[in-house]
Amino acid sequence: MFLDIEPIAAPNTIFDSHAHYDDDIFDDVREDLLQTLPKYGVAYVINNAVDCKESAQKCIGMSHDYDYCYTAIGVHPLNLEDNGPLDTALLTELLKTPKVVAVGEIGLDYHYTPETKPQQLELFEKQLILANELKLPVIVHDREAHADTLELLEKHRPTGVLHCFSGSVEMARDVLNLGMYIGVGGVVTFKNAKKLVEVVKMLPDDRLLLETDAPYLTPVPYRGKICNSAYISVTAARIAEIKGYSIDKVLELALENAKRLYKI
Ligand SMILES: [Zn+2]
């Protein structure tokens, strides 16, 4: 059901910097899938927890059970209401767990819940401050909130990545000037991805991260399937085409960059 793709990536070449294998959709297949992914070239996966509760515990569990799984933990803007005010002490404790390498997924989402903007800004800022205190990179979600996201990043200047980057070339320049990385996933294979293609063209080799956002954002031609890290080879192939590189080179750059950022 999941691994309907030829294993085209060389062994140990894929670094999926953003996945959600804690998602309920994987409950029946998680073990099989996670045991099989390395056969498809997957060398590292960072599971991004979206809360300090069940999601964090499931992600930490996967890091414990699978050598190649690492974890990021943060409260996602869409989980604001479930969580109430941020429990900074609990998040701090979770972030000190072995193999937790970043604060994320955190950020702003004005697409689904623009009415919670003030609370989102407060939650995001608190987590940026905590990441800096703990000297951890951040993994940032920005949906229809480019200006506010940039403003807070410029104020706190964390290390980290803008995941599933959806901004313009101008915004990419601002993000790069802050020393941050840009996460590119399946969206780059979509027909309407014109803005992202321009960003990929100008993106320096040392700032690219690859990601799936599994189970979401499955690349073409696998739309309709549940996304998994093996599909990164398809995303890498499209980036290779845009930049005039080999697939191996794209995978290697993204792997080196992610290892540097997450100190793995
Ligand atoms: Zn995500």
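Just so it is clear, the model here is predicted, and its values are computed rather than measured.

The rules behind the values
- Residues numbered from 1 in each chain as written.
- Predicted model: local features only at pLDDT ≥ 70, side-chain atom pairs only at ≥ 80, totals over all residues.
- Heavy atoms only, no water.
- Pairing = 2+ DSSP bridges.
- Helix = DSSP H or I, 4+ residues; strand = E, 2+ residues; numbered from the N terminus.
- Axes fitted to C-alpha atoms, helices over the stretch in contact; angles between N-to-C directions.
- Donors = N, O, S within 2.8 Å, 3.2 Å for Na, K, Ca; no water.
- Tetrahedral: all angles 85-135°; square planar, octahedral: opposite > 155°, others 65-115°.
- Buried < 20%, exposed > 50% of the residue type's maximum accessible area, 1.4 Å probe, protein only.
- Patch = residues over 30% accessible without salt bridge, like charges linked within 9 Å, V, L, I, M, F, W, Y side chains within 5 Å.
- Areas by Shrake-Rupley, 256 points an atom, 1.4 Å probe, with all protein chains shown as cover.
- Salt bridge = Lys/Arg side-chain N within 4 Å of Asp/Glu carboxyl O.
- Lys, Arg positive; Asp, Glu negative; His and termini not counted.
- Charge placed at Lys NZ, Arg CZ, Asp CG, Glu CD.
- 1 Å grid on protein atoms, 1.4 Å probe; cavity = no way out; pocket = protein on both sides within 12 Å on 5 of 7 lines; lining within 4 Å.
- Points joined across faces, edges and corners; volume = space filled by probe spheres on them.
- Nonpolar A, V, L, I, M, F, W, Y, C, P; charged D, E, K, R; others polar.

Some thoughts on the sheet that holds strand β7 (residues 181–184)
Read across the open sheet, the 8 strands follow the order β1-β2-β3-β4-β5-β6-β7-β8; overall the sheet is parallel. The sheet is open, and its two borders are formed by β1 (14–19) and β8 (208–210), each paired with just one other strand. Ignoring which end each strand starts from, the neighbouring axes of this sheet average 30 degrees apart. One ladder, built from 5 bridges, connects strand β2 (residues 42–49) with strand β3 (residues 69–73); its direction is parallel. Residue Ile46 lies in a different strand from β3, and its bridge partner there is Tyr70.

Comments concerning the coordination of the zinc ion
Binding of the zinc ion to the protein goes through His18 (NE2), His20 (NE2), Glu105 (OE) and Asp213 (OD), at separations of 2.1 to 2.4 Å. Here the zinc ion binds 4 donor atoms, and the angle range of 85 to 176 degrees at the metal identifies the geometry as irregular. Positions of the donor residues of the zinc ion, expressed as sequence spacing, correspond to H-x1-H-x84-E-x107-D. Taken together, the residues His18 in strand β1 and Glu105 in strand β4 (residues 100–109) connect sequence positions 87 residues apart. Of the two residues examined, His18 and Glu105, each falls in the buried class.

Focus: a negative patch on the surface
On the surface, a cluster of negative charge is made up of Glu151, Glu154, Glu170 and Asp174. Broken down by secondary-structure element, the contributors of at least two residues to the negative patch are α6 (146–156) and α7 (169–177). Locating Glu151 in the fold gives a position in helix α6. Exposure remark for Glu151: the relative accessible area of 57% places this residue in the exposed category.

Focus: the layout of surface pockets
Roughly 1,000 Å³ of internal volume is contained in the largest pocket. Forming the walls of the largest pocket are 35 residues, and the residues nearest its centre are His76, Glu105, His141, Asp213 and Tyr216. Mapped onto the lining of the largest pocket, the elements with two or more residues apiece are α2 (54–65), β4, β5 (138–143) and α8 (194–202). Classifying every residue of the lining of the largest pocket gives 11 nonpolar, 10 polar and 14 charged.

What about empty space enclosed by the protein?
Applying the stated criterion across every chain, the model contains 1 cavity of 30 Å³ or more. Here the largest cavity defines a volume of roughly 50 Å³. Contributing to the lining of the largest cavity are Val200, Leu203, Pro204, Asp205, Leu208, Ile239, Lys243, Tyr245 and Leu253. Grouping the amino acids of the lining of the largest cavity by side-chain chemistry returns 7 nonpolar, no polar and 2 charged.

Taken by themselves, the reported measurements are silent on function.
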